[in-house]
Amino acid sequence: MDKPLYNDSGIEIKKVYTGDSPSYHAMNELPGQFPFTRGVQADMYRGKPWTMRQYAGFSTAEESNRRYHYLLSQGVMGLSVAFDLPTQIGYNSDHALAEGEVGKVGVAIDSIEDMQTLFRGIKLEDVSTSMTINATGFILLALYVAVAKQQGADLSKLNGTIQNDILKEYAARGTYIYPPKPSMRIITDIFEWCSREVPKWNTISISGYHIREAGSTAVQEIAFTLSNGKAYVKAALEKGLDINVFGKRLSFFFNAHNNLFEEVAKFRAARRMWARIMKELGATDPKAMMLRFHAQTGGSTLTAQQPLNNISRVTIQTLAAVLGGTQSLHTNGYDEALSLPTEEAARIALRTQQIVAFESGATETVDPLAGSYYIESLTNDVEREAVSLIERIDAMGGSVSAIEQGFIQEEIARSAYQFQKKVETNEKIIVGMNRFVSEEKNSAPVFRVDDSIRLVQSEKIERLKRRRDPARVDSILQTLNDCASSDDNIMPVVLEAVENYITLGEIADTLREVFGEYR
């Protein structure tokens, strides 16, 4: 008798699936219709392809601006901005804690002048911009809107996303500043303000990507992500916001890993689950029930050994995201296990998307794997396991409570440990790392950012502070302090602050005084 085979989520994979398989049931659902298992658009990529993004940002705003212009010239359809760690956790580049990190994992943004430079020569009204930023997401959004205003843009046409998902930072990543309660208040302030000022802006990208990068399974990725989504929706409802309005501006961010069929099933199950969750929470507009998502290929799947093998991995992951119905996609460079992506690696990653879009035939019909005995069964199995996990979180009082109790962190850590143990015992094969290895030395070029960037940024801050009105700065920061201490929406004051050359670090520090820091 065959030994049972299980995937990384613990779901048993049968040798063969038929119409009589327990998890299979025939489906008469159409794409673009509730519960959106088959996709959120009736024609999907026959209407237009997904938005092809390349996540980029490093060093100074000047250097990143050059990379954006290069990517746009190569066919990128939307920008995706990476910020350095000091920017992510609310420190200016001249802060002592920023030393050694300025410009390393993303671009350093200290003030409106950096934001102006970052988008020089790019009309913000005409481009979709995704910004991977959480704790300081409200400040970066204000900076973006301020630059758009300077360009004369119609703010009602601004299109893009801030990640703005603080719960996954507590659970999996760590770039938080304030405690959960004030952090959730900032997020609902953003929801409210954007609905009035930038109505096409996606106010949050509820992220499973970093949960998966931390070591979760596919089932845990969607369970924890959708549970976090429920927490944000409930917080917005408590603030009196209309679910049929803010619900349309929620988006998601998922990981695409190597198990092609499990990933496709994961994306299909997540759409169906979210539609039902939103309906239960009171949504009546179908567009407020749609799970729209950005996908990125799995950074944690890339190997430093035989890095060119990563091109094949990224291709499989690209197909998984496309066959699963993504709305936008970033493909990783093959060299990202070694360094920031070189220009060549970024180009190959983009070409991978373009080849799938224009040569593979995957875009010619909607949800091409629908009806497969295996895919439909696996979609149902993934949904069943994920729903069970969400029910456990609900019984604890929801995501915030489950994070405070350490439940989500412990579940991710357990899965990460089990996966690593399988790799080390060769039960899980990673080509080029624990099987089919070679002694050849890596010849891939490596891209490094120089430590002198901190000095460059610090000098910019010093010049900016000499030019501005100190009394005006003090007055606005006091207004921000008063606003944060009340129930007033902080976004109008934050926008005024950045327009008056107040730095990111100064805004974040003012709120540290009011909200405290999470330890």
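Calculation rules
Residues numbered from 1 in each chain as written. Predicted model: local features only at pLDDT ≥ 70, side-chain atom pairs only at ≥ 80, totals over all residues. Heavy atoms only, no water. Helix = DSSP H or I, 4+ residues; strand = E, 2+ residues; numbered from the N terminus. Rg over C-alpha atoms; globule rule 2.2 N^0.38 Å. Contact = heavy atoms within 4.5 Å. Areas by Shrake-Rupley, 256 points an atom, 1.4 Å probe, with all protein chains shown as cover. Lys, Arg positive; Asp, Glu negative; His and termini not counted. Charge placed at Lys NZ, Arg CZ, Asp CG, Glu CD. Buried < 20%, exposed > 50% of the residue type's maximum accessible area, 1.4 Å probe, protein only. Pairing = 2+ DSSP bridges. Expected span 1.5 Å × (residues − 1). Core = buried A, V, L, I, M, F, W, Y, C linked by side-chain atoms within 4.5 Å. Salt bridge = Lys/Arg side-chain N within 4 Å of Asp/Glu carboxyl O. Patch = residues over 30% accessible without salt bridge, like charges linked within 9 Å, V, L, I, M, F, W, Y side chains within 5 Å. Polar contact = N/O pair within 3.5 Å; in protein donor to acceptor, adjacent residues only side chain to side chain. Axes fitted to C-alpha atoms, helices over the stretch in contact; angles between N-to-C directions. Parallel < 35°, antiparallel > 145°, perpendicular 65-115°, else oblique. Left-handed = near helix turned anticlockwise from the far one by under 90°.

1. Considerations on the overall build of the protein
Part 1 of the reasoning: For the protein, the count of helices and strands is 20 helices and eleven strands.
Part 2 of the reasoning: A compact globule built from 519 residues would reach a C-alpha radius of gyration of about 24 Å, and the protein, at 23 Å, matches this within 12%.
Part 3 of the reasoning: Along the first, second and third principal axes, the C-alpha set of the protein runs to 80 × 55 × 45 Å.
Part 4 of the reasoning: The long-range fraction of contacts in the protein, counting pairs at least 24 apart against all pairs at least 6 apart in sequence, stands at 78%.
Part 5 of the reasoning: Total accessible area on the protein stands at roughly 21300 Å², and carbon and sulfur atoms take up 49% of it.
Part 6 of the reasoning: If the 56 positive side-chain charges of the protein are averaged to one point and the 66 negative ones to another, these points end up 3 Å apart.

2. Remarks on the pairing of strand S10 (residues 293-297)
Across a regular strand the side chains alternate sides, sitting on one face of the sheet and then on the other.
Part 1 of the reasoning: Among the five residues of S10, five are classified as buried, and the element is accordingly described as predominantly covered.
Part 2 of the reasoning: Alternating positions in S10 separate into two faces, Phe293, Ala295 and Thr297 on one and His294 and Gln296 on the other, with burial throughout.
Part 3 of the reasoning: The pairing of S10 with strand S11 (residues 328-330) spans three bridges and is parallel. When the sheet's bridge partners are listed, Ala295 is paired in S11 with Leu329.

3. Quick word on helix H12 (residues 309-323)
Part 1 of the reasoning: Given a rise of 1.5 Å per residue, 15 residues ought to cover 21 Å, and the 22 Å separating the end C-alpha atoms of H12 matches this to within 8%.
Part 2 of the reasoning: For H12, every residue scored as buried is listed here: Asn310, Arg313, Val314, Gln317, Thr318, Ala320, Ala321, Val322 and Leu323.
Part 3 of the reasoning: On its buried face, H12 is in contact with strand S9 (250-256), helix H10 (260-280), S10, S11 and helix H13 (343-359).

4. Description of the nonpolar core
Part 1 of the reasoning: Counting 138 residues, the largest nonpolar core has Met115, Met131 and Phe138 as its most contacted members.
Part 2 of the reasoning: Top element by residues in this core is helix H4 (residues 137-150). It accounts for eleven residues.
Part 3 of the reasoning: If near-sequence neighbours (up to four positions away) are discounted, Met131 is found in contact with Val81, Phe83, Met115, Leu140, Leu141, Tyr144, Thr161, Ile162, Gln163 and Trp201.
Part 4 of the reasoning: Counting seven residues, the second-largest nonpolar core is a separate cluster that includes Ala98, Val102, Ala108 and Ile453.

5. Considerations on the pattern of salt bridges
Part 1 of the reasoning: Overall, the coordinates contain 34 salt bridges when judged by the stated rule.
Part 2 of the reasoning: When the shortest N-O distance is used, the salt bridge between Arg185 and Asp189 registers 2.9 Å. In this pair, Arg185 and Asp189 are both assigned in helix H6 (residues 180-197), four residues apart and thus about one turn of the helix distant. The pair formed by Arg185 and Asp189 is uniform in burial state, with each residue classed as buried.
Part 3 of the reasoning: A single salt-bridge network, built from bridges that share partners, covers Arg38, Arg268, Asp367 and Glu376.

6. Concerning a nonpolar patch on the surface
Part 1 of the reasoning: Residues Ile429, Val431 and Phe436 make up a contiguous nonpolar surface patch of roughly 280 Å² in combined accessible area.
Part 2 of the reasoning: Of note, Val431 is situated in the loop between helix H16 (407-424) and helix H17 (453-467).

7. Thoughts on the environment of Ser415
Part 1 of the reasoning: Residue placement: Ser415 occurs in helix H16.
Part 2 of the reasoning: For Ser415, a relative accessible area of 11% corresponds to the buried category.
Part 3 of the reasoning: Distance in space between the C-alpha atoms of Ser415 and Asp285 is 37 Å, their sequence separation being 130 residues.
Part 4 of the reasoning: When sequence neighbours within four positions are dropped, the list of residues in contact with Ser415 reads Gly215, Ser216, Thr217 and Gln220.

8. Concerning unusual backbone geometry
Part 1 of the reasoning: Note the cis peptide between Phe34 and Pro35, where omega equals 5°.
Part 2 of the reasoning: Tracing the sequence through the fold places Pro35 in the loop between strand S2 (12-13) and strand S3 (51-56).
Part 3 of the reasoning: The backbone of Ser59 shows a phi angle near 60°, a positive value even though the residue is not glycine.
Part 4 of the reasoning: By secondary structure assignment, the location of Ser59 is in the loop between S3 and helix H1 (61-73).
Part 5 of the reasoning: The buried category is assigned to Ser59, whose relative accessible area is 7%.

9. Here's the deal with the side chain of Ser251
Part 1 of the reasoning: As for its position among the elements, Ser251 is in strand S9.
Part 2 of the reasoning: Given the relative accessible area of 6%, Ser251 is considered buried.
Part 3 of the reasoning: At a separation of 2.9 Å, a polar atom in the side chain of Ser251 contacts the main-chain carbonyl oxygen of Ile204.
Part 4 of the reasoning: Among all residues touching Ser251, those that are not within four sequence positions of it are Thr161, Asn202, Ile204, Ser205, Ile206 and Arg292.

10. Observations regarding the packing of helix H8 (residues 218-238) against helix H14 (residues 373-395)
Part 1 of the reasoning: At a closest axis distance of 9 Å, the pairing of H8 and H14 adopts a crossing angle of 45°. Considering the angle they form, H8 stands oblique to H14. Pair H8 / H14 crosses with right-handed handedness. Contact with H8, carried on its side by Val219, Gln220, Ile222, Ala223, Phe224, Leu226, Ser227 and Lys230, involves Val382, Glu385, Ala386, Leu389, Ile390, Ile393 and Asp394 of H14 and no other residues of that element.

11. Brief notes about the sheet that holds strand S8 (residues 204-207)
Part 1 of the reasoning: Across the sheet, nine strands lie side by side as S7-S6-S5-S4-S3-S11-S10-S9-S8; this open sheet has parallel pairing. With partners counted over all chains shown, the strands left at the sheet margins are strand S7 (201-202) and S8, one partner each.
Part 2 of the reasoning: Contacts from H1 reach S3 and strand S4 (78-82) within the one sheet, and its direction differs from that of S4 by about 150°.

12. Brief notes about the side chain of Asp367
Part 1 of the reasoning: Inspection of the secondary structure puts Asp367 in the loop between H13 and H14.
Part 2 of the reasoning: On the basis of relative accessible area, Asp367 is assigned to the buried category, the value being 7%.
Part 3 of the reasoning: Setting aside its immediate chain neighbours within four residues, Asp367 contacts Arg38, Arg268 and Leu323.

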